[in-house]
Amino acid sequence: MSAEQVSSLCEQLVKAVTVIMDPASTQRYRLEALKFCEEFKEKCPICVPCGLKLAEKTQTAIVRHFGLQILEHVVKYRWNNMPRLEKVYLKNNVMSLISSGTQSILEEESHIKDVLSRIVVEMIKREWPQHWPDMLKELDTLSKQGETQTELVMFILLRLAEDVVTFQTLPTQRRRDIQQTLTQNMEKIFSFLLITLQQNVNKYRRMKTDLAQQPKAQANCRVGIAALNTLAGYIDWVALSHITADNCKLLEMLCLLLNEPELQIGAAECLLIAVSRKGKLEDRKPLMVLFGDVAMHYILSAAQTADGEGLVEKHYVFLKRLCQVLCALGSQLCALLGSDSEVETPTNFGKYLDSFLAFTTHPSQFLRSSTQITWGALFRHEVLSRDPLLLAMIPKYLRASMTNLVKVGFPSKTDSPSCEYSRFDFDSDEDFNAFFNSFRAQQGEVMRMACRLDSRTGFQMAGEWLKYQLTAPVDTGPMNSKTGEGLCSIFSPSFVQWDAMTFFSESVISQMFRTLDKEEIPVNDGIDLLQLVLNFETKDPLILSCVLTNVSALFPFVTYRPEYLPQVLSKLFASVTFEVVEESKFVVSVQAPRTRAVKNVRRHACSSIIKMCRDYPQLVLPNFEMLYNHVKQLLSNELLLTQMEKCALMEALVLISNQFKDYERQKAFLEELMAPVAGLWLSAEMQRVLSDPEAFISYVGADNKIADPVMEDPSGLNRSRISFCVYTILGVVKRARWPAAMEEAKAGGFLVGYLPSGSPIFRNPCTEQVLKLFDNLLALIRTHNNLYMPEMVAKLGETFAKALDMLEVEKNAILGLPQPLLELYDSPVYKTVLERMQGFFCTLYDNCFHILGNAGPSMQQDFYTVEGLASQLISSAFINLNNIPDYRLRPMLRVFVKPMVLSCPPEYYETLVCPMLGPLFTYLHMRLSQKWEVINQRSILCEDDAADDNPESQEMLEEQLVRLLTREVMDLITVCCVAKRGAEHNSSVAVDGDDDEAMATDVTPPASAELTELGKCLMKQEDVCTALMITAYASLSWKDTLSCQRTTTQLCWPLLKQVLPGNLLPDAVSWFFTSVLKGLQIHGQHDGCMAALVHLAFQIYEALRPRYAELKVVMEQIPDIQRDSLEQFDSKLLNPTLQKVADKRRKDHFKRLITGCIGKPLGEQFRKEVHIRNLPSLFKKVKPSLETDVLETNEDGEDLTVLFEP
């Protein structure tokens, strides 16, 4: 190949690279140049000489980088086909580039250093140690030439460790060869790294003060940094003995470097990795040297220096690392102390705690939060928690918490030293707010642990702080609240203090009642505090909310002094009717809407009353009459309370009435309580309104056009009457119960008999009242469903065209958009009458279904035996589903269908559950299939259809809703059909769960995943069985990974297993199997999903292939399948006489067969494959004995030792 050819090609390449990198180039030119360069790399036979010429020092950095990229491309993709001499030629030239082909260490560009080290590592990955035994010696020799070469050697060693150990980007055998050779040479490598570090640091320290030597000092500093980075890549995985060798020389050096500003961050990183090492306790013992005087001194002085220089990003990053080091040290101490490793509490433990406390009291909220987990571990530790030094720390820790609980430090503000630090750590106030809320919860946990060790101190501090807050003048700060003049906003200095104090006292007091014995409780002090709180008056809704929390926190003291109960009740009842504007209580006109803060106070007071009645019913029972009169008085004025508040108070009464433990008395009371509701609900007018959609729209005012949508709302009262009835029915159904104790239930007349199984049958005192109202409730549900018919939607007035839409809050929650902080408390709850109408429809819909969902558990057989219940529910709850949007269907499934089915006794499966679920499941499958079809079409076409003001977010919302509905449906089917394992299905929270939590890789479903009785009952009916099977298997290829993984692991196999004994049609079997493979195509890129789907496909193939040859036909259609390997797998499967290969081996073989249909992430789909060949094995094989021969080489001829990697 002539030199001219190389030169002319290089000239063209230089031009091309210049065009690519020139911002002024046109796109066409740039693409042509790019194409030319790529084709050159792929096809040109003289890449190596061209690459070397372009990489010469005389070229510009961009051209040199491209030349080196060409060489890297050659090594990665052509190495296997290169003649040996060409490999040697390339290797020698690259090594000479390191030796003399780069600029000096301070001038050379970092991307040139990076690509050069990558080329060497790529060659090492292909040739070392077998064909290049002297590699380490060559690197050593290079490093003796000077700083420039030493730095490159460091880069090479680091990159090698990352590729081989951290990222494991090579075939197993090569990885093993390299890692084992590295391990064998680790002593040399480590001492080389340490000597390099030491020598360069010493030179740097000598010369850094001499101005003439500055460049030389900088070069040594650079090598020092590179050595620390490389050490960080090895410390993580080498044997601990290397880290602790020579009396922990490495750790000592790292501690010394903590006080060297240029090197301290790298040293702290290394120290952190070393101290965080897991492994045998015995090996970790030497790490305790860091608690010694010398190490402690260096760590603490470094922290003080870094902190003393104000907020500089570099120093702040270093402080964070140091804080992590101290946390990791604490974890090591907790692990080693008290185990059998004979470690004693270090003499410097007190010094350690002081320095740790300094981080807990640092202005940075992030640093404060970083210490919490370690404090928790110390307070929990069986030995340390008894240590006098730690016990003496508790008051100091609690003092620090008093400061740390105060929510200050918003990045947009300047009202605290924390704000400056927050600007480094958080992008926005919302970000900070989310962080702070979880930090506060964490502090609560740790404070409770501290109070377990010393309850009295915590209680004393809470008392002092509470007294101080009660007497402190209110400071609303510069921002006035929109709620009213002179009131706090959530950022006001007074409110943040109240808020923090309240959280503190709540955590501390609740823990004290759990920890101390009855006679040790400081009752007098507690009652004194309670009296101060009860006597405190405020007109500020935010502060009043805190006061109510304090009342609840101190309420357990009332169990010792019941005479204070009336005072507590009066305080709470006064807050139920809290208003900022006094007069508005008595004015009938529409007042300015209440703000969220006012509504929260009222709601808070109601829930405090409910909580009191729920947790201390015996205590409240003697005051029942007083409570009842209070409530009657409030209910007598229709405008005083919202419907929700009225209902909350009624719920409290029902909870106390459960303590009557007398069926007749409670029934009479409930009848009296519900009389107003029954009168209203069963009136002729209401009956007409509830059963006719048009009358209903008119009654609630949704057909009007309203001139002033904020102030005017003529039908508000009508809506509130309907809401009141529905809320009350719900409250009663939810709260009325028979006594838990069998004897009491018998004595009170609640027991009516026994089931054949021997379980008792109870009656609920509310049954008669509720069933009386049941028909109209179903009529309302039917009417509500029918409102979504197009002809009904058309009847909505102009103002209310969107009355049936989702509330903005719901949309934002589904799209995961944060709420703006201040607005939460300061804005009115509903700003316009349209929003009120949306809120009304949404709440009404949910509550109706909550009633149906609670009716089963509450009224049991009395509900399930209602005449024609199944057909009544089908003709009301399940009517017009086609027009009902996803966001309404979801709550219906979750709050009604699921609880009803779960609480239904098996006797009613045939008559009630199956007739309902059969058509429902068939319908849901049809609906979801259509929805996913649309989504898939959309992603294929991506057509720009501007239907809305904001079509993208509308599409995102719709898609996310379909996803959530899918999860809801699959969860419902799973709950119905598959036996619960532990408490897996007790919460529906997981259905909305974050997508990230889903990808757990525990995939093999437990053998015990059996069908429930209900599942078997449903599977007996052919149409239901078909709907269930098709939904389960079709859902595997819908684009929702979470749903796919759950369905695969929990549902698919149990359903199929149930129908295996029957005669399945060959087409059906092929379809099931193909569905799983389709799922793999779509979700294969997620490890958790992929493993679950491969397991399912394997189960199906193993179980059904002997009966259905069609499955093999499906397998043959998989892209790139190896036919001979498939034949081999099949023949083993179909020949029962052959010895069964181990399950894992069969599964691995099967997985290799179906690799062609496992989807890859987009980033890997068009990646060019890198092939690294195995070299002759380093380790001599012992000739295997006959028994192991079968196992020793698997299908691909790979060595079994692969399974036993180090």
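Residues numbered from 1 in each chain as written. Predicted model: local features only at pLDDT ≥ 70, side-chain atom pairs only at ≥ 80, totals over all residues. Heavy atoms only, no water.

### Notes on the packing of aromatic side chains
Here is step 1 of the chain: Scanning the model with the defined rule gives 46 aromatic pairs in all.
Here is step 2 of the chain: With a centroid separation of 5.2 Å and 85° between ring planes, the pair formed by phenylalanine 624 and phenylalanine 660 is classed as edge-to-face. With phenylalanine 624 in helix H30 (residues 624-636) and phenylalanine 660 in the loop between helix H31 (643-657) and helix H32 (663-681), this pair connects stretches of sequence that are 36 residues apart.
Here is step 3 of the chain: For the ring pair phenylalanine 624 and phenylalanine 669, a centre distance of 5.3 Å and an interplane angle of 75° mean the geometry is edge-to-face. (Phe/Tyr/Trp six-rings, centres within 6.5 Å; stacked < 30°, edge-to-face > 60°. Helix = DSSP H or I, 4+ residues; strand = E, 2+ residues; numbered from the N terminus.)

### Comments concerning the side chain of threonine 538
Here is step 1 of the chain: Along the chain, threonine 538 turns up in the loop between helix H25 (523-535) and helix H26 (541-554).
Here is step 2 of the chain: Owing to a relative accessible area of 16%, threonine 538 belongs among the buried residues under this scheme.
Here is step 3 of the chain: Within the structure, threonine 538 has its side chain in polar contact with the backbone nitrogen of aspartate 540 (distance 3.0 Å).
Here is step 4 of the chain: When sequence neighbours within four positions are dropped, the list of residues in contact with threonine 538 reads Ile543, Leu544 and Phe578. (Buried < 20%, exposed > 50% of the residue type's maximum accessible area, 1.4 Å probe, protein only. Polar contact = N/O pair within 3.5 Å; in protein donor to acceptor, adjacent residues only side chain to side chain. Contact = heavy atoms within 4.5 Å.)

### Details of the confidence of the model for the protein
Here is step 1 of the chain: For the protein, per-residue confidence averages 89 on the pLDDT scale, and 91% of positions sit at 70 or higher.
Here is step 2 of the chain: Across residues 943-948, where pLDDT falls below 50, the model places four contacts with residues more than four positions away in sequence or in other chains.
Here is step 3 of the chain: Across residues 1182-1206, confidence stays below pLDDT 50; counting only partners more than four residues off in sequence or on other chains, it has 26 contacts. (pLDDT = per-residue confidence, 0-100.)

### Structural notes on the nonpolar core
In summary, soluble globular proteins display a tendency toward joint burial of nonpolar side chains.
Here is step 1 of the chain: Within the largest apolar cluster, 378 residues are counted, with the highest numbers of intra-cluster contacts made by Trp375, Phe921, Tyr1033 and Leu1056.
Here is step 2 of the chain: Once residues within four sequence positions are removed from consideration, tryptophan 375 is found in contact with Leu353, Phe356, Leu357, Thr360, Leu390, Met393, Tyr397 and Val446. (Core = buried A, V, L, I, M, F, W, Y, C linked by side-chain atoms within 4.5 Å.)

### Remarks on unusual backbone geometry
Here is step 1 of the chain: The omega torsion of the bond from tryptophan 128 to proline 129 falls at -5°, within 30 degrees of zero and hence cis.
Here is step 2 of the chain: Of note, proline 129 is situated in the loop between helix H6 (110-127) and helix H7 (135-143).
Here is step 3 of the chain: A positive phi angle is found at asparagine 247, which is not glycine, with a value near 60°.
Here is step 4 of the chain: By the secondary structure assignment, asparagine 247 is in helix H12 (residues 240-257).
Here is step 5 of the chain: Here lysine 661, not a glycine, exhibits a phi torsion of approximately 55°, which is positive.
Here is step 6 of the chain: Assignment of secondary structure puts lysine 661 in the loop between H31 and H32.
Here is step 7 of the chain: Take lysine 661: its relative accessible area is 26%, and that puts it in the partly exposed class.

### Some thoughts on the side chain of aspartate 387
Here is step 1 of the chain: Positionally, aspartate 387 belongs in the loop between helix H19 (372-380) and helix H20 (388-404).
Here is step 2 of the chain: Of the buried charged residues, aspartate 387 lacks a salt bridge, with arginine 386 as the closest side chain of opposite charge at 9.4 Å.
Here is step 3 of the chain: Contacts of aspartate 387, omitting those with residues within four sequence positions, involve Thr345 and Phe349. (Lys, Arg positive; Asp, Glu negative; His and termini not counted. Salt bridge = Lys/Arg side-chain N within 4 Å of Asp/Glu carboxyl O.)

### Structural notes on the pattern of salt bridges
Here is step 1 of the chain: In the structure shown here, the tally under the stated rule is 53 salt bridges.
Here is step 2 of the chain: Note that arginine 894 and glutamate 968 form a salt bridge whose closest N and O atoms lie 3.1 Å from each other. Here the residue arginine 894 occupies a position in helix H45 (residues 886-903), and glutamate 968 occupies one in helix H47 (residues 951-977), the gap between them amounting to 74 residues.
Here is step 3 of the chain: Here the residues in one salt-bridge network are Glu122, Lys125, Arg126, Arg159 and Asp163, joined through shared partners.

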